Amino acid sequence: YSLACTRFSFSKEDAYRAASLALRERLLESFNDTNAWYAEKDVKRGYYLSAEYLLGRAFQNALVNLDLEPAFKDALMGLGFEMEELYPFEADPGLGNGGLGRLAACFLDSMATLSLPCWGYGIRYSYGIFKQDIVNGWQVERPDYWLAKPVPWEIPRPDITYPIRFGGRVEDYCDPAGKWRQRWVGGEIIQAMAYDNPIPGFDTYNTNNLRLWRALPAEEFDFESFNESRYTEAVEARRRAEDLSAVLYPNDDKWEGKVLRLKQQYFFVSASLQDLLREFIKKPNRQWSELPSKVSVQMNDTHPTMAVLEMMRLLVDVQKLGWDEAWDLTRKTCNYTNHTVMPEALEKWPTEMMEQYLPRHLQICGELNLRFMKELAQMYGDGPKVWGLSLFQEEPFKAIRMGNIAVLGSNKVNGVAAIHTEIVKKETFADFYQYYCDKGEKDKFVNMTNGVTPRRWIHCANRPLSDILSKHLGSQKWLTDMSLMKDLIKKKDDAALQKEWMAAKRAAKERLAAYVKEHMGLDADCDALFDVQFKRIHEYKRQLLNCFYLIHRYLMIKNASPSDRAKFQKRVSLIGGKAAPAYVNAKTIIKLVGSIAQVVNNDPDVSPYLKVGFVPNYSVTVAQVICPASDISEHISTAGTEASGTSNMKFVMNGGLIIGTMDGANIEIREEGGKDTMFIFGCLEDEVPAIKERAKQGNYPIDPRMQKVFDTVRSGTFACGDDEAQAKFCGLID
């Protein structure tokens, strides 16, 4: 009835929508029961603030977690539909850029599965990151309008809206008790409207929530402008508001882009904190001193760290708490996850911009810094150490340091892999770590290595392997406790298990081969070694190094005799990932991969032994095809540059081996799996500074094999007559 269809005029898309609406009803039943239980028990709640969520498709995941897959499969079969045929009709929301967003999605799944009372908060972007097309080898960005068709998984909440102010001024006043106070007035008001997305746990009655905010104008339509024939001005407020939640990470190489990004971050942080504080004070006779025992706010990287200043504003200006009490509650309630080892990647907002758009927050930051500097002066005097701890920077432009604000305003600060946490303590926030050690708070910086959910990345993505694991382990309990998989070690020499395992791998490779044939026209031999590298395209992730290896291997095969060529292991090398729209070198690397593929795949001497392809528009859905099929995957960042990585975990848990460096979570995966399960190369993190220093002095020997690769690139072999590409390829190596 919801679709106004009959079973006699019922397409596959109709079947998907009908099935998803039926599943939604079951989700909402669990969702409402869960929220009622949390309220009754007055539990401590966790709130995960993230600018990114790469959720993937929800239909299959919800069926699996609610244990409804067999029932829905039988019902759809009765109507003449294979359930697997319906999955492609669901949009894959690209509300994230990479590992950060996928980690957030995995955390939500795991928290629901563990029956932890935790909600996620973010932005309901109208457009995802972008759809990546490859045109003449170059990345071209297309809009990803994932809302083009109704989304059955989200629940609009027009009754849950909060005002978000930008601009205006701060004025002094006296409250009824005669106390001097300040308040933020004037400016422009935007409304944040909630959209709820139920997150079901696996094998539990618990269903949590991801609440995403959509920006709307405070006033829908300006009739005065319209009546005077100024039609564009009549809807100008709506356009400005909708810009806020239109696109993930607007290009910020210009001032206007930076402003939009700042406004985006404050918009969702303010709405989220207003919402969770409203929930906190709903209980009768609630005392503000209870806040840290009932609320924990986790800031996922620096994007939501405006939460520290906004929490202070809400407590001091709105709830009328004293400054010291508000600061104590803020520091006990907020926590910060750092995701980058590079100090330059920590966001800094110009004070000029803050004064124009968030004047009260700039004042609060100034007051916090004044008090902090007085404390530091008593501890250390004055000097570079104190300047490095300041919440403000003076050069190269005056700005507030969001990383410093996050550390100072948090109860705990965590890195996302053991090596990364040590770098955070020794380099990224070395002065802060020393400061807290001097204060006796050595446990402020902690490690929490990233993880991924086996429910999506094995059970949904690779059902044949999941069935094998459940069969040999005796149950599905390993899906919520992966330590149980250690029992498989006893069976590692079991011929029957090995045969089943290889059959599952073969099926996954055939599925991927069919995918690349359909989408790229590439013929992949399933008897070949599948060598893959899928992640954001970035110089530190070193897809370029992989390109150099592919050229080297091409030259080795090309220069070998026919009899020697036959001795080479057949290999299919696939690379994928998106480059930031303004990142020229990353886009050039994508072009180079395509150019290598063009040369290699059309060379009759080489193509029987080596195939190369760039897989476009990498997403969660595409990853669920690729991860099960890899024989080896490449995680080859320079040691000390990758905070953790999560794709390495997805490939490993699907039975693929890693070629990698001693970086990020590779180290802990190797410790857990054994040294013989990973191919390690390259220097260690503590060796990098000396190598860089020698290179600056001109002492950087280049291996003759690498030099031959450089010479081949410079010769134009891989430019295929494209002068623009040739100039950029040479620029990469020069």
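Coordinates for the structure precede this section.
A short tour of the structure in this document, coming up. (Residues numbered from 1 in each chain as written. Predicted model: local features only at pLDDT ≥ 70, side-chain atom pairs only at ≥ 80, totals over all residues. Heavy atoms only, no water.)

### Description of the overall build of the protein
Convention followed: Under the scheme used here, helices are H or I runs from DSSP no shorter than 4 residues and strands are E runs no shorter than 2 residues, and both carry numbers assigned from the N terminus. Radius of gyration here is computed from C-alpha atoms only, and the compact-globule reference equals 2.2 Å multiplied by the residue count raised to the power 0.38. Whether a residue is buried, partly exposed or exposed follows from its accessible area with a 1.4 Å probe, protein chains only, as a fraction of its type maximum: under 20%, in between, or over 50%, in that order. Whether two residues touch is decided by their heavy atoms; if any such pair falls within 4.5 Å, the residues are in contact. Per-residue and other accessible areas were derived by the Shrake-Rupley procedure at a 1.4 Å probe size, with only the shown protein chains allowed to occlude residues.
When its secondary structure is counted, the protein shows 29 helices and 22 strands. Its C-alpha atoms give the protein a radius of gyration of 27 Å, near enough to 27 Å, the size a compact globule of 734 residues would have. Overall size of the protein, expressed as C-alpha extent along the three principal axes, is 95 × 75 × 65 Å. Considering the protein as a whole, with its 734 residues, one finds that 54% of them fall into the buried category. Expressed as a percentage of contacts within the protein between residues at least 6 apart in sequence, the contacts between residues at least 24 apart total 73%. Total accessible area computed for the protein in this model is approximately 32,600 Å², and 53% of it derives from carbon and sulfur atoms.

### Considerations on the sheet that holds strand β21 (residues 657-660)
Strand-to-strand pairing in sheets goes through backbone hydrogen bonds, with the strands running parallel or antiparallel. Stated formally: Between any two strands, at least two bridges found by DSSP are needed for them to pair. A fitted line through C-alpha atoms represents every axis, and for helices the fit uses only the stretch in contact; the resulting angles, taken between N-to-C directions, go from 0 to 180 degrees.
Reading across the sheet, the 6 strands line up as β19-β18-β17-β20-β21-β22 and stay open at both edges, with parallel pairing between neighbours. Two strands in the sheet have a free side with no partner beyond their single neighbour: β19 (610-615) and β22 (678-680). In this sheet, neighbouring strand axes are inclined to one another by 20° on average, regardless of whether the strands run parallel or antiparallel. Sheet topology places β21 next to β22; 3 bridges connect them, and they run parallel. When the bridges of β22 are listed, G660 appears paired with I680. Docked against the sheet, helix α21 (residues 543-559) engages β17 (529-534), β18 (571-576), β19 and β20 (632-635), running at close to 155° with respect to β18.

### Regarding the packing of aromatic side chains
To keep it simple, the criterion reads: Working definition: rings of Phe, Tyr and Trp (its six-membered ring) pair if their centres are within 6.5 Å, and the pair is stacked with planes under 30 degrees apart, edge-to-face with planes over 60 apart, and tilted otherwise. Ring-over charges, as used throughout, are those where CZ of Arg or NZ of Lys falls within 6 Å of the ring centre and within 35 degrees of the ring normal.
As enumerated under the stated definition, the model contains 23 aromatic pairs in all. Here Y127 and Y145 contribute two aromatic rings whose centre-to-centre distance is 5.2 Å and whose plane-to-plane angle is 40°, an arrangement assigned as tilted. Taken together, the positions of Y127 in the loop between β2 (118-123) and β3 (131-135) and Y145 in the loop between β4 (138-142) and β5 (155-166) put the pair 18 residues apart, joining distant regions of the chain. The aromatic ring of Y380 is capped on one face by K385, whose charged end is 4.3 Å from the ring centroid. Over the aromatic face of F530 sits the side chain of K509, whose NZ or CZ is 4.7 Å from the ring centroid.

### Some remarks on the side chain of Q543
Filter applied, for reference: In protein, a polar contact requires one atom able to donate a hydrogen and another able to accept it; more generally it is a pair of N or O atoms within 3.5 Å, and residues adjacent in sequence count only if both atoms are side-chain atoms.
Tracing the chain through its elements places Q543 in helix α21. Judged by its relative accessible area of 0%, Q543 is buried. Among the polar contacts made by the side chain of Q543, one reaches the main-chain amide nitrogen of H538 at a distance of 3.3 Å. Sequence-distant contacts of Q543, that is, excluding residues within four places in its chain, are made with Q533, K535, R536, I537, H538, I575 and I589.

### Side note on the sheet that holds strand β14 (residues 399-401)
One open sheet holds the 3 strands; their spatial order is β12-β14-β13, and the pairing between them is antiparallel. Every other strand in the sheet has two partners, leaving β12 (348-350) and β13 (392-393) as the edge strands with one partner each. Across 3 bridges, the pairing between β12 and β14 is antiparallel. Bridge assignment links P350 to a residue of β14, and that residue is A399.

### Quick look at the packing of helix α11 (residues 323-333) against helix α13 (residues 359-380)
To keep it simple, the criterion reads: Under this scheme an angle from 65 to 115 degrees is roughly perpendicular, one under 35 degrees roughly parallel, and one over 145 degrees roughly antiparallel; angles in between are oblique. Put simply, Ala, Val, Leu, Ile, Met, Phe, Trp, Tyr, Cys and Pro go in the nonpolar bin, Asp, Glu, Lys and Arg in the charged bin, and everything else, Gly too, in the polar bin.
The N-to-C vectors of α11 and α13 enclose an angle of 90°; their axes lie 13 Å apart at closest approach. When the axes of α11 and α13 are compared, the pair comes out roughly perpendicular. Facing W323, D324 and W327 of α11, the residues of α13 in contact are I364, E367, L368 and R371. Broken down by class, the residue content of the contact of α11 with α13 amounts to 4 nonpolar, no polar and 3 charged.

### Digging into unusual backbone geometry
Residues other than glycine predominantly adopt negative phi, and peptide bonds predominantly adopt the trans conformation. For the peptide bond that leads from E395 to P396, omega is 0°, which places it in the cis range. Checked against the element boundaries, P396 lands in the loop between β13 and β14. A positive phi is found at D42, a non-glycine position, where the angle reads about 50°. Within the secondary structure layout, D42 lies in the loop between α1 (12-41) and β1 (45-49). Judged by its relative accessible area of 17%, D42 is buried. Despite not being glycine, D301 shows a phi value in the positive range, around 75°.

### Some points on the packing of helix α10 (residues 307-318) against α11
Condition: Handedness of a crossing is defined here by the sense of rotation of the near helix relative to the far one, left-handed for an anticlockwise turn of less than a right angle and right-handed for a clockwise turn.
Look at α10 against α11: their axes get within 9 Å of each other, and the N-to-C directions meet at 140°. By the angle between their directions, the pair α10 and α11 is classed as oblique. The handedness of the crossing between α10 and α11 is right-handed. Contact residues: V308, M311, M312, L315 and V316 in α10; W323, A326, W327, L329, T330 and T333 in α11. Looking at the contact of α10 with α11 residue by residue, the classes come out as 9 nonpolar, 2 polar and no charged.

### Examining the side chain of N65
Structurally, N65 is set in helix α2 (residues 59-65). In this structure N65 comes out as buried when scored by relative accessible area, which is 2%. Not counting chain neighbours up to four residues away, the residues in contact with N65 comprise D109, P200, G201, F202, D203 and R455.

### Thoughts on the pattern of salt bridges
What counts here: For this document, the term salt bridge refers to a Lys or Arg side-chain nitrogen within 4 Å of an Asp or Glu carboxyl oxygen.
If you walk through the whole model with that rule in mind, you get 51 salt bridges. The partner of R157 in a salt bridge is D196, and the shortest N-O contact between them spans 2.8 Å. Here R157 is found in strand β5, whereas its partner D196 is found in strand β8 (residues 188-200), with 39 residues between them in sequence. Since its relative accessible area comes to 22%, R157 is described here as partly exposed. A salt bridge links R371 to D324; the shortest N-O distance between them is 3.1 Å. You can see R371 sitting in helix α13 and its partner D324 sitting in helix α11, a full 47 residues away along the chain. Here D324 falls in the exposed class, since its relative accessible area comes to 57%. Residues joined in a network through salt bridges with shared partners are R157, D196, R211, D275 and R278.

### What about the pairing of β4?
Two strands pair when backbone bridges link them, and β3 and β4 are joined in this way by 5 bridges, in the antiparallel orientation. Looking across to β4, one finds that I134 is bridged to Q139. Connecting β3 to the next strand, β4, in antiparallel fashion are 2 residues, including N136 with a positive phi near 55°.

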